[in-house]
Amino acid sequence: LAKKQLDTAEVALAELDEVAKVEYIQHIKAIPSEEGRQAELALFRRHPDEAERILLQATPPLVYRAIKLNVNLFRWTRALDLAMKHRAHV
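Residues numbered from 1 in each chain as written. Predicted model: local features only at pLDDT ≥ 70, side-chain atom pairs only at ≥ 80, totals over all residues. Heavy atoms only, no water.

Please clarify how the packing of aromatic side chains should be interpreted in this entry.
Between two aromatic rings, the relevant description is the distance of the centres plus the angle of the planes. Under the definition given, this model contains two aromatic pairs. Measuring from centroid to centroid gives 5.7 Å for F74 and W76, while their planes differ by 70°, and the two rings are edge-to-face. The exposure class of F74 is exposed, given its relative accessible area of 61%. (Phe/Tyr/Trp six-rings, centres within 6.5 Å; stacked < 30°, edge-to-face > 60°. Buried < 20%, exposed > 50% of the residue type's maximum accessible area, 1.4 Å probe, protein only.)

Listed below in structure tokens is the structure:
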């Protein structure tokens, strides 16, 4: 996954019967924006702060996705901080 070869990862995980991971890889492949895919890959690698950084550095910043990411990870305070800072989705 370091080189973002999702097709190869999908086949390998399928061979290992890692159904949940295969479904997540398919979810990542369906994301339309490159930044969104990169952020989801960072989450897959268990790097939520990197995922948030990727979303916020996108042009334009994907603030809603960054807030939603933190809510899904039960990081309520961080989600609220982002919403207040960007004055969006409060």
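What's the story with helix α6 (residues 76-86) in this structure? I'm lost.
Residue pairs spaced three or four apart in an α-helix point in one direction, given the helix's 3.6 residues per turn. Within α6, burial applies to A79, L82 and A83. Axial view of α6: buried residues confined to an arc of 95°, hence all on one face. Facing away from the buried surface of α6 by more than 90 degrees, the exposed residues are T77, M84 and K85. On its buried face, α6 sits against α4 (48-57) and α5 (63-72). At the C-terminal side of α6, R87 shows a positive phi close to 50°. (Helix = DSSP H or I, 4+ residues; strand = E, 2+ residues; numbered from the N terminus. Arc of directions from axis to C-beta. Contact = heavy atoms within 4.5 Å.)

What am I meant to see in the pattern of salt bridges here?
For side chains bearing opposite charge, pairing can occur when the charged atoms are close. For the structure on display, the rule yields eight salt bridges. In this structure, E34 engages R37 in a salt bridge whose closest nitrogen and oxygen atoms are separated by 2.7 Å. With E34 and R37 both in helix α3 (residues 34-44) and three residues apart, the pair spans about one turn of that helix. Between R75 and E52 there is a salt bridge, with its nearest N and O atoms 3.5 Å apart. (Salt bridge = Lys/Arg side-chain N within 4 Å of Asp/Glu carboxyl O.)

What's the story with the layout of surface pockets in this structure? I'm lost.
Where empty space is left can be seen by rolling a probe of water-molecule size over the atoms. Approximately 180 Å³ is the volume attributed to the largest pocket. The wall of the largest pocket is formed by H27, E40, L43, L55, Y64, R65, K68, L69, N72 and L73. At the level of secondary structure, the elements contributing two or more residues to the lining of the largest pocket comprise α3 and α5. No other element matches the five residues that α5 contributes to the lining of the largest pocket. Grouping the amino acids of the lining of the largest pocket by side-chain chemistry returns five nonpolar, two polar and three charged. (1 Å grid on protein atoms, 1.4 Å probe; cavity = no way out; pocket = protein on both sides within 12 Å on 5 of 7 lines; lining within 4 Å. Points joined across faces, edges and corners; volume = space filled by probe spheres on them. Nonpolar A, V, L, I, M, F, W, Y, C, P; charged D, E, K, R; others polar.)

So yeah, pure geometry; function would need other evidence.
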